[in-house]
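This is what each chain is made of:
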Amino acid sequence: MRHRHLGFTLCLLATAAAAQSYRAPRTPDGKPDLQGFWQALNTASFNIEPHSPALGIPGGLGIVADPPDGKIPYKPEAAAQQQQNFRNRAARDPLHKCYSPGVPRMMYLPFPFQIIQTPKFIAITSEYAHTVRNVSLDSKHISDLDFYMGDSRGHWEGETLVVDVTSNNDETWFDAAGNFHSDALHVVERYTRTEPDVLTYEATIEDPKVLTKPFKIAMPLYRHREKNFRLLEYECQAYAEEDQK
Amino acid sequence: MRNSIQRGLLGSLPAVALAVAAFALLPSPGAGQAPQKKGGGEKGVGGAFGKFGPYHQPPYAKGAPVGRTPEGKPDMQGYWEARFNAAIFEVQDHAAKRGIAPGKGAIVDPPDGKIPYQPWAAEKAQDLFEHHIFLEPEAHCYMSGVPHQAYTQFGFQIVQTRGYFVMLWEFAHTYRIIPTDGRPHIPASIKLFMGDPVGHWEGDALVVDTTNENGRSWFDMAGNFTSDHIHVVERFTPVDSNNINFEATIEDPTMYTRPWKIAGNFGRNLEPNYEQMESACVEGNRDPERYVEEEGGKSKKAK
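Since the structure is predicted, the reported quantities are computational estimates derived from the model, not experimental observations.

Draft legend 1. Representation of the overall build of chain B within the structure. When you go through chain B residue by residue, the secondary structure sums to three helices and ten strands. Counting from the amino terminus, chain B carries its helices and strands in the arrangement α-β-β-α-β-β-β-β-β-β-β-β-α. Relative to its 303 residues, chain B shows a buried fraction of 51%. Looking at chain B alone, contacts between residues at least 24 apart form 60% of all its contacts between residues at least 6 apart.

Draft legend 2. Structural detail: the overall build of chain A. Secondary structure assignment for chain A yields four helices and ten strands. Reading the helices (α) and strands (β) of chain A from amino to carboxyl end gives α-β-β-α-α-β-β-β-β-β-β-β-β-α. Relative to the 2.2 N^0.38 estimate, which gives 18 Å for 245 residues, the radius of gyration of chain A is 19 Å and therefore close to what a compact globule would have. The C-alpha extent of chain A, read off along each of the three principal axes, is 65 × 45 × 40 Å. Partitioning the contacts of chain A with sequence separation of at least 6, the portion at a separation of at least 24 is 55%.

Draft legend 3. Spatial organisation of the interface of chain B and chain A. Facing 28 residues of chain B, the contacting portion of chain A comprises 30 residues. Those elements that place two or more of their residues in the side of chain B that touches chain A are strand E3 (156–161), strand E4 (164–169), strand E5 (175–179) and helix H3 (281–284) of chain B. The class makeup of the residues in the side of chain B that touches chain A is 17 nonpolar, seven polar and four charged.

Draft legend 4. Up close: the environment of Val188(A). Residues and elements named next belong to chain A. Note on placement: Val188 falls in strand E8 (residues 186–195). Overall, the presence of 16 C-beta atoms within 10 Å leaves Val188 in the partly exposed class. C-alpha of Val188 to C-alpha of Pro214: the two residues are 26 residues apart in sequence and 11 Å apart in space. Sequence-distant contacts of Val188, that is, excluding residues within four places in its chain, are made with Val162, Asp164, Ala203 and Thr204.

Draft legend 5. Region of interest: the nonpolar core. Membership of the largest hydrophobic core comes to 114 residues, with the highest contact counts inside it found for Ala123(A), Met219(A), Ala106(B), Val166(B) and Leu168(B). The leading source of residues in this core is E4(B), at five residues. Excluding its chain neighbours within four sequence positions, the residues that come into contact with Val166(B) are Ile116(A), Ala123(A), Ile158(B), Val159(B), Tyr175(B) and Ile177(B).

Draft legend 6. Broad picture of helix H2 (residues 76–87) of chain A. With twelve residues, H2(A) should cover 16 Å at 1.5 Å per step; its first-to-last C-alpha distance of 17 Å lies within 8% of that length. Counted residue by residue, H2(A) has one buried out of twelve residues, so it is predominantly exposed.

Draft legend 7. Examining the environment of Gln118(B) more closely. Mapped onto the fold, Gln118(B) is located in the loop between strand E2 (107–109) and helix H2 (119–131). As for Gln118(B) and Thr257(B), which are separated by 139 residues in sequence, their C-alpha atoms are 5.7 Å apart.

Draft legend 8. The environment of Asp29(A), seen in detail. Inspection of the secondary structure puts Asp29(A) in the loop between helix H1 (2–21) and strand E1 (36–40). As a C-alpha pair, Asp29(A) and Thr118(A) span 89 residues in sequence and 8.3 Å in three-dimensional space.

Draft legend 9. The confidence of the model for chain B, seen in detail. Residue and element names in this part refer to chain B. For chain B, per-residue confidence averages 85 on the pLDDT scale, and 82% of positions sit at 70 or higher. Low pLDDT (under 50) marks residues 1–47, which in the prediction has 122 contacts with non-local residues, meaning those over four places away or in another chain. Of the two predicted TM-score estimates for the complex, the pTM is 0.88 and the ipTM is 0.90.

Draft legend 10. Expanded view of the pairing of strand E8 (residues 231–240) of chain B. All names here are of chain B. The pairing of strand E7 (residues 205–211) with E8 spans five bridges and is classified as antiparallel. Its bridge partner lying in E8, Thr210 is registered against Val232. The sheet contact formed by E8 and strand E9 (residues 243–251) spans nine bridges and is antiparallel. The residue of E9 that forms the bridge with Phe236 is Phe246. Between E8 and E9, which follow one another and run antiparallel, lie two residues.

Draft legend 11. Molecular detail of unusual backbone geometry. Here the amide bond leading from Asp66(A) into Pro67(A) is cis, since omega sits at 10°, within 30 degrees of zero. You can see Pro67(A) is positioned in the loop between strand E2 (64–66) and H2. Residue Pro104(A) is bonded to the preceding Val103(A) through a cis peptide linkage, with omega at 10°. Among the structural elements, Pro104(A) can be located in the loop between helix H3 (89–92) and strand E3 (113–117). Positive phi is not limited to glycine here, since Asn212(B) has a value of about 65°. Relative to the helices and strands, Asn212(B) resides in the loop between E7 and E8. The class of Asn212(B) is buried, set by 22 C-beta atoms lying within 10 Å. The backbone phi angle of Asn273(B) is positive, close to 60°, even though this residue is not glycine. Judged by the 7 C-beta atoms lying within 10 Å of it, Asn273(B) is exposed.

Criteria and cut-off values
Residues numbered from 1 in each chain as written. Chains lettered and ligands numbered in written order. Predicted model: local features only at pLDDT ≥ 70, side-chain atom pairs only at ≥ 80, totals over all residues. Helix = DSSP H or I, 4+ residues; strand = E, 2+ residues; numbered from the N terminus. Buried ≥ 20, exposed ≤ 12 C-beta atoms within 10 Å, placed from the backbone. Contact = placed C-beta atoms within 7 Å. Rg over C-alpha atoms; globule rule 2.2 N^0.38 Å. Nonpolar A, V, L, I, M, F, W, Y, C, P; charged D, E, K, R; others polar. Core = buried A, V, L, I, M, F, W, Y, C linked by C-beta atoms within 7 Å. Expected span 1.5 Å × (residues − 1). pLDDT = per-residue confidence, 0-100. Pairing = 2+ DSSP bridges.

And the structure:
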């Protein structure tokens, strides 16, 4: 009995070690190859915090990894603003106006995205409203401008692609539940291939105007393995105009 | 000033009118020097609005021999701008008309430079231009479709990686991801603004076959529309490190009496440290509100 229990523990340890020691295939310049089609399999696009199910909304554990309670550490006035956003989400959610989703929201929309990787430049293209993130590597941020998708600059730390995102405007939300940020948003993302078909995504989110302290989100992204998979289109604006006719 | 572009410049009639005025006054930089004689910028719309304007065409600069990617294919990566005469206004050879600068288009076949329309389609294009210019797709921030996307404003970036040839435009952040792995097209029932591109290499030329377009894009700002039966075969042929020749054959038996062909070329953007900025078109678009009723819009005509 005791031996069997030990065997089970060892087996678990071995699995964890295998996951940790996974080494991604390499690009021609020797970097971990993150290319392919990825998509989140969670409910963060509805709400990044833990949430109960509701009509049309599956319940979810959220993707906030720190603080441990899974809640965004809002300042009191920002918490009130989020409640107001939630009540008025049908009119106020920027995605209902077909705006660009911003970072990190693009990464957990229910649409696939593709990573296209070269030594100095990485494009991350989403199927949602043909949103693109241009990630220049080992380059300097620009300043004095704001963008819906921010200004992304990347570098490699071993197996991990680190992307620093500044110059965000205050017109995007984190999710459909009214969780929001200001133009002081600063996101540092970490992309690591931890298994052949898993890209582990972690991000630290700072916003001193809205938060009492930074918080972290984390989630696995899963690889699409369908034969001949490709991004199609979701031209939100065009469909919205048809709907208004 | 070109950063945080928040409007569909092309679709804005005031902007177009201004461009026509600018076109009349400005010389065409680089005229006559393009590597491909026909349909390729010999009478380009030049510097309207200056270096960062929507109708800028790059001066010709001879390049070095074409490099190779790690996969051994011609390396066309970097930032490019289009030279397609005045096709950005109208793809056919055309005289000046409301909002349209006069000039050559990009049609190299038939030799008269005109789209070989069936009569009904010619009538419809005329009607769209005269009475429904409100429907011009770029005014609504729609992606421009194929082959129109090749000669849209502000230039684009080419990124090549194993199995893909990727084009990223600044205007409205449109992208095209062209697989080169020999895969088949998607089912014909799927219709998309940018269609389904499938590429292959013929020597140093990238040949791209595009089907599955939704028939909602135009070739220009002059009402030259498409149907969802359009089939386009493009050839991207690198000339040297600074120049790419482009041609596209367009077929649609429901609209034309015969296939026809456009040609133009792309010049490398040689500005050091150039990067594309965000062009948030949908987010700031006020163009549709400007169209008056006689243009198919909803605004009352200013008295």
